[in-house]
Amino acid sequence: MAYFLLTLTTLFWAGNFVTARGIHADFPPLTMSFLRWSLALLIILPFLLPRLKRNWPLIRQHLPILIGLGVVGVASFNSLIYIGLQTTLATNATLMQSAIPVVILIICSLFLGEQVSLKQWVGVLISLVGVVTLIGKGDLAVLQSLAFNGGDLWVFGAVLCWSVYSVLLRWKPAGLDGFTFFGFTVLVAVIAIFPFMLLEVLSGQAPVWSMKTSAAIIYMAICPSILAYLFWNRGVAELGAAKAGLFIHLLPLFGLILSVIFLGEQILPFHLIGIGLIFSGIYLAILSRPVKPYIK
């Protein structure tokens, strides 16, 4: 069951990218992000409020790090993804997520002093070449002129945000249960996104409501938000973090398949070259290291 739930989780996450791209012409990105998380918060609120009240002393004690995690990992990451998907393909966005483990490794090395071997640095370099290949669409002229697609740069900003969030998680208060932590960071995200969403609406970027866009927002709030969170936690609990983490690599595969089926996007040679380089780098930098046993 754990394998099935983790597979569904990555499928839901990939579906989030494809759905956001599918309604990008009708829904401005910050409004999309705000409504997704507001609806998710509304759904979980009856279960969350008693937990917030019970855990408030612990939450207040660790308020700065919890607010930071909510802003970086929920509000910024998702909003930047949706901004990027206004002008780039869902294929590019999902493929670039594959670089997150390597970016985490770089952050831990540069800012936390963790040791990185020469083989790992080679893997980092190969993966970054893969990211640049995707951003530059495999065109040397684009790289030389630095005329990158703005959407790809926004998505790479989201990759940086999620990587920072993943590193900051080591300072999450150990006594705070997962559901309360999730709910509180969603609450922080909704508050953080609200003023930017308001500016977006006041600038004249109003959403176009239809059955399609309404269904998309409902999907985003339930599947890649609430269900993915619950399924992921269940999978980690049963298999351990090391094994569960490997399922993240299904995200680009599902992203490619869904983008082709639902958006009519094409898989071009530079996509295959870029993802091949990223995965090769991940193998050298992350997967080739001995995995420590997971202790529950």
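Position labels on residues start from 1 in each chain and follow its written sequence. Per-residue local features of the predicted model are confined to residues with pLDDT of at least 70, and side-chain atom pairs are confined, for both listing and counting, to 80 or more; whole-chain, interface and lining totals are unaffected and use all residues. To obtain the side-chain values, all non-hydrogen atoms of the structure were used and water was disregarded.

Asks: Help me understand the overall build of the protein in this model?
Replies: Secondary structure elements follow DSSP: runs of H or I no shorter than four residues count as helices, runs of E no shorter than two count as strands, and numbering proceeds from the N terminus. Within the protein, the secondary structure is distributed over 13 helices and zero strands. When the helices and strands of the protein are placed in sequence order, the string is α-α-α-α-α-α-α-α-α-α-α-α-α. Based on the C-alpha atoms only, the size of the protein along its principal axes is roughly 55 × 50 × 35 Å. In this tally, Asp and Glu contribute negative charge and Lys and Arg positive charge; neither His nor the terminal groups of the chain are included. Charge coordinates come from a single atom per side chain, which is NZ of Lys, CZ of Arg, CG of Asp or CD of Glu. Distance between charge centroids for the protein: 14 Å, based on 16 positive and 8 negative side chains.

Asks: It is not clear to me how a nonpolar patch on the surface should be interpreted in this structure. Could you clarify?
Replies: On the surface, Leu110, Phe111, Leu112, Trp121 and Trp171 cluster together into a nonpolar patch covering about 570 Å² of accessible area. Counting residues per element, the nonpolar patch draws most heavily on helix H5 (residues 100–112), at three residues. By secondary structure assignment, the location of Trp171 is in the loop between helix H8 (150–168) and helix H9 (178–202). Two distance rules govern patches: like charges are joined within 9 Å, and nonpolar side chains (Val, Leu, Ile, Met, Phe, Trp, Tyr) within 5 Å, applied only to residues with over 30% relative accessible area and no salt bridge. Each accessible area is a Shrake-Rupley estimate made with a 1.4 Å probe; only the visible protein chains count as cover when residues are assessed. We define a salt bridge as a contact between a side-chain nitrogen of Lys or Arg and a carboxyl oxygen of Asp or Glu at a distance within 4 Å.

Asks: Help me out: how do you make sense of the environment of Ala192 in this one?
Replies: By the secondary structure assignment, Ala192 is in helix H9. Look at Ala192 and you get partly exposed, because its relative accessible area is 23%. Along the chain, Ala192 and Val71 lie 121 residues apart, while their C-alpha atoms are 6.6 Å from each other. Setting aside residues up to four positions removed in sequence, Ala192 forms contacts with Val71 and Ala75. Buried residues are those whose accessible area, probed at 1.4 Å on protein chains only, stays under 20% of the maximum for their type, while exposed residues exceed 50% and partly exposed ones sit between those limits. By definition, residues are in contact when any of their heavy atoms lie within 4.5 Å.

Asks: How should H9 be read in this particular structure?
Replies: Each α-helix turn comprises 3.6 residues. Residues three or four places apart therefore point the same way. A rise of 1.5 Å per residue sets the reference length of H9, with its 25 residues, at 36 Å; its end C-alpha atoms lie 36 Å apart and thus fit the reference within 8%. Here the bend at a residue is taken as the angle between two axes, fitted respectively to the seven residues that end there and the seven that start there. Of all bends in H9, the biggest is about 35 degrees, found at Phe194, and the proline Pro195 comes one to four residues later. For the purposes of these results, a polar contact is taken to be a pair of N or O atoms within 3.5 Å, where, inside protein, one atom must be able to donate a hydrogen and its partner to accept one; residues adjacent in sequence count only when each atom of the pair is a side-chain atom. Residue Asp177 occupies the N-cap position of H9, its side-chain oxygen lying 3.3 Å from the main-chain nitrogen of Phe179. Looking one or two places after H9, you find Gly204, whose phi comes out positive at around 100 degrees. Working rule for helices: expected span equals 1.5 Å times residues minus one.

Asks: It is not clear to me how the packing of H5 against helix H6 (residues 118–135) should be interpreted in this structure. Could you clarify?
Replies: Between H5 and H6, the shortest axis-to-axis distance is 10 Å and the interhelical angle comes to 130 degrees. Taken together, the axis directions place H5 and H6 in an arrangement best described as oblique. Judged by the twist between their axes, the crossing of H5 over H6 is left-handed. On H6, the residues that touch Val102, Leu105, Ile106 and Ser109 of H5 are Gln120, Trp121, Val124, Ser127 and Leu128. Taken together, the residues of the contact of H5 with H6 break down into six nonpolar, three polar and no charged. Angles here are taken between N-to-C directions and fall from 0 to 180 degrees, while the axes themselves are lines fitted to C-alpha atoms, restricted in helices to the stretch in contact. What sets the label is the angle itself: under 35 degrees gives roughly parallel, over 145 gives roughly antiparallel, 65 to 115 gives roughly perpendicular, and the rest give oblique. The hand of a helix crossing depends on one turn: near helix anticlockwise from the far one by less than a right angle means left-handed, and clockwise means right-handed. Polar here means any residue outside two lists: the nonpolar Ala, Val, Leu, Ile, Met, Phe, Trp, Tyr, Cys and Pro, and the charged Asp, Glu, Lys and Arg; Gly therefore counts as polar.

Asks: Explain the pattern of salt bridges to me, please; I cannot follow it from the model alone.
Replies: Any two side chains of opposite charge can pair if their charged atoms end up close together. Tallying each qualifying case throughout the model produces three salt bridges. In this structure, the salt-bridge partner of Arg51 is Asp177, at a minimum N-O distance of 2.9 Å. A residue pair is termed long-range when its members are at least 10 positions apart, and Arg51 in helix H2 (residues 29–61) and Asp177 in the loop between H8 and H9 qualify at 126 residues. Using a relative accessible area of 29% as the deciding quantity, one classes Arg51 as partly exposed. The class for Asp177 is partly exposed, based on a relative accessible area of 25%. Notably, a salt bridge pairs Arg170 with Glu114, separated by 3.1 Å at the nearest N-O pair. Here Arg170 is found in the loop between H8 and H9, whereas its partner Glu114 is found in the loop between H5 and H6, with 56 residues between them in sequence.

Asks: How should the packing of aromatic side chains be read in this particular structure?
Replies: Describing an aromatic ring pair means giving the distance of the ring centres and the angle of the ring planes. The criterion for an aromatic pair is that two Phe, Tyr or Trp rings (for Trp, the six-membered ring) have centres within 6.5 Å, with stacked assigned to planes under 30 degrees apart, edge-to-face to planes over 60 apart and tilted to the rest. One pass over the structure, following the stated rule, counts seven aromatic pairs. Plain terms: the ring middles of Phe182 and Tyr229 are 4.2 Å apart, the flat faces sit at 10 degrees to each other, and that makes the pair stacked. Here Phe182 is found in helix H9, whereas its partner Tyr229 is found in helix H10 (residues 211–239), with 47 residues between them in sequence. As far as the burial class goes, Phe182 and Tyr229 line up, both buried. Taken together, the ring pairs in this structure connect Phe77, Trp162 and Tyr165 into an aromatic cluster. Cation placement over rings: the criterion is NZ of Lys or CZ of Arg within 6 Å of the ring centroid and within 35° of the ring normal. Stacked on the ring of Phe181, the Lys or Arg Lys172 has its end atom at 5.3 Å from the ring centre.

Asks: I tried to follow the confidence of the model for the protein on my own but got confused; where do I start?
Replies: Detailed conclusions should not be drawn from predicted coordinates in areas where pLDDT is low. A score from 0 to 100, pLDDT tells how confident the predictor is in each residue. Taken as a whole, the protein shows an average pLDDT of 87; of its residues, 92% reach a score of 70 or greater. Ranking the elements of the protein by mean pLDDT puts helix H7 (residues 140–145) last with 60 and H2 first with 97.

Asks: Where do I start with the packing of H6 against H8 in this structure?
Replies: Describing two packed helices takes the angle between their axes plus the distance from one axis to the other. One can describe the packing of H6 onto H8 by two numbers: an axis separation of 10 Å at closest approach and a directional angle of 145 degrees. Residues Val131, Leu134 and Ile135 of H6 touch H8, and the partners they reach there are Asp152, Leu153 and Phe156. Split into classes, the residues belonging to the contact of H6 with H8 amount to five nonpolar, no polar and one charged.

Asks: How do you make sense of the nonpolar core when you look at a structure like this?
Replies: In summary, soluble globular proteins display a tendency toward joint burial of nonpolar side chains. Definition of nonpolar core: a set of buried residues of the types Ala, Val, Leu, Ile, Met, Phe, Trp, Tyr and Cys, connected through side-chain atoms within 4.5 Å. Ranked by size, the top nonpolar core spans 73 residues in total, and within it Met32, Trp37 and Ile81 carry the most contacts. Sort the elements by how many residues they give to this core and H9 lands first, with 10 residues. Setting aside chain neighbours within four positions, we find Ile81 in contact with Phe17, Gln97, Val155 and Ala158. One finds Leu6, Val236, Leu239 and Ala244 within the second-largest nonpolar core, a separate group that totals seven residues.

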